[in-house]
Amino acid sequence: MRNSYYDAIKLIKNQFWINFLNNVEEKEVFQTYKFTKSRLIEKLFLIQNLQKELKIEFNEKCKTFLKAMYSSSLKIQINEELLSNESIQWSRVIKEKIKHAINFSALKKALESDDMSFAIIQRAYKSILKIFNLVYSNLIKNDYHSKIWREDTKIILKKSNKLNYSILKTYRIITLLNCLNKVAEKIIAVWLSYTAEINDKLLDFDQMKDRKQRSAINAVLNLVHDAQMTKSRENTLIYLLLDVKEAFDYVTLKQLVKILIKLKILINLIN
């Protein structure tokens, strides 16, 4: 009922607006412009870089954001044993995966610079299905990422209710990717998820986040099970709960990993 109420209001407003535009004459055009003109244009605040130096010029602010986004302070450690493990096999790209990735994508996703939405891609897929299957199969099989797909548009959004907007952490950056690229990413993500599930060495058994059919309920059930087993053996159980997201409104993942390593936290917990 509530949704019907708001939909009715939107419909009536839309009808009044169309009637108004149809009857606009002479100077009333300026009134129309006043209705549609953005009334608030905010300038970007002074920004502090990592050395806490204030940047005034627009180009300097851009460079500051870029450095913060693409910091290379932490080197990724690669497990060579896993890379050489022949038991880890990628399944081939099948038509069903491509079809599912295209047809089950949200139509209201923000567009990249090419203005190609999932609605267009879904209609094109129905017309040239064989071409889509051939392109995605070969690109992913040969590990080639199209140059157009490597381009993206990043938008800087200001967090609400912050006292000092010169600090980088009061902003968040969202990335608008090419929709054709998102299809390839979804196919690869399904692969990665499946490969991680069938290989015991990749993920710890108690890893819950970002795994299908595992949630906070599974974590609680594991904890209850451990507590019951400990009680039956008349042992003492100690568990530690960390809610980093609630304690800090902004956490640099790389810095957090560094701190955990210094504290000699088990690598399974860090992962």
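The rules we used
Residues numbered from 1 in each chain as written. Predicted model: local features only at pLDDT ≥ 70, side-chain atom pairs only at ≥ 80, totals over all residues. Heavy atoms only, no water. Core = buried A, V, L, I, M, F, W, Y, C linked by side-chain atoms within 4.5 Å. Buried < 20%, exposed > 50% of the residue type's maximum accessible area, 1.4 Å probe, protein only. Helix = DSSP H or I, 4+ residues; strand = E, 2+ residues; numbered from the N terminus. Contact = heavy atoms within 4.5 Å. Phe/Tyr/Trp six-rings, centres within 6.5 Å; stacked < 30°, edge-to-face > 60°. Lys NZ or Arg CZ within 6 Å of the ring centre and 35° of its normal.

Moving on, we get to the nonpolar core. Counting residues in each nonpolar core, the largest one holds 16 residues, and the members touching the most others are Ile 98, Ile 102, Ile 121, Phe 132, Tyr 136, Val 183 and Ile 187. Elements supplying a minimum of two residues to this core: helix H5 (95–103), helix H6 (118–127), helix H7 (129–141) and helix H8 (179–198). The element that contributes the greatest number of residues to this core is H8, accounting for five residues. Residues contacting Ile 121, with those up to four places away along its chain left out, are Ile 102, Met 116, Phe 132, Cys 179 and Leu 180. Within the second largest apolar cluster, five residues are counted, among which are Ile 47, Phe 65, Leu 168 and Tyr 171.

Another point: the packing of aromatic side chains. The full count for this structure, using the stated rule, is six aromatic pairs. Measuring from centroid to centroid gives 6.4 Å for Phe 132 and Tyr 136, while their planes differ by 25 degrees, and the two rings are stacked. Here the residue Phe 132 and the residue Tyr 136 both occupy positions in helix H7, the gap between them amounting to four residues, near one helical turn. A ring pair is formed by Tyr 136 and Trp 149, whose centres lie 5.7 Å apart and whose planes are at 25 degrees; its orientation type is stacked. In this pair, Tyr 136 sits in helix H7 while Trp 149 sits in the loop between H7 and strand E3 (152–158), placing the two residues 13 residues apart along the sequence. Counting every residue linked through ring pairs, the aromatic cluster contains Tyr 125, Phe 132, Tyr 136 and Trp 149. In this arrangement the basic side chain of Lys 158 is found over the ring face of Tyr 165, its NZ or CZ atom lying 4.9 Å from the centre.

By themselves, these figures tell us nothing about what the structure is for.
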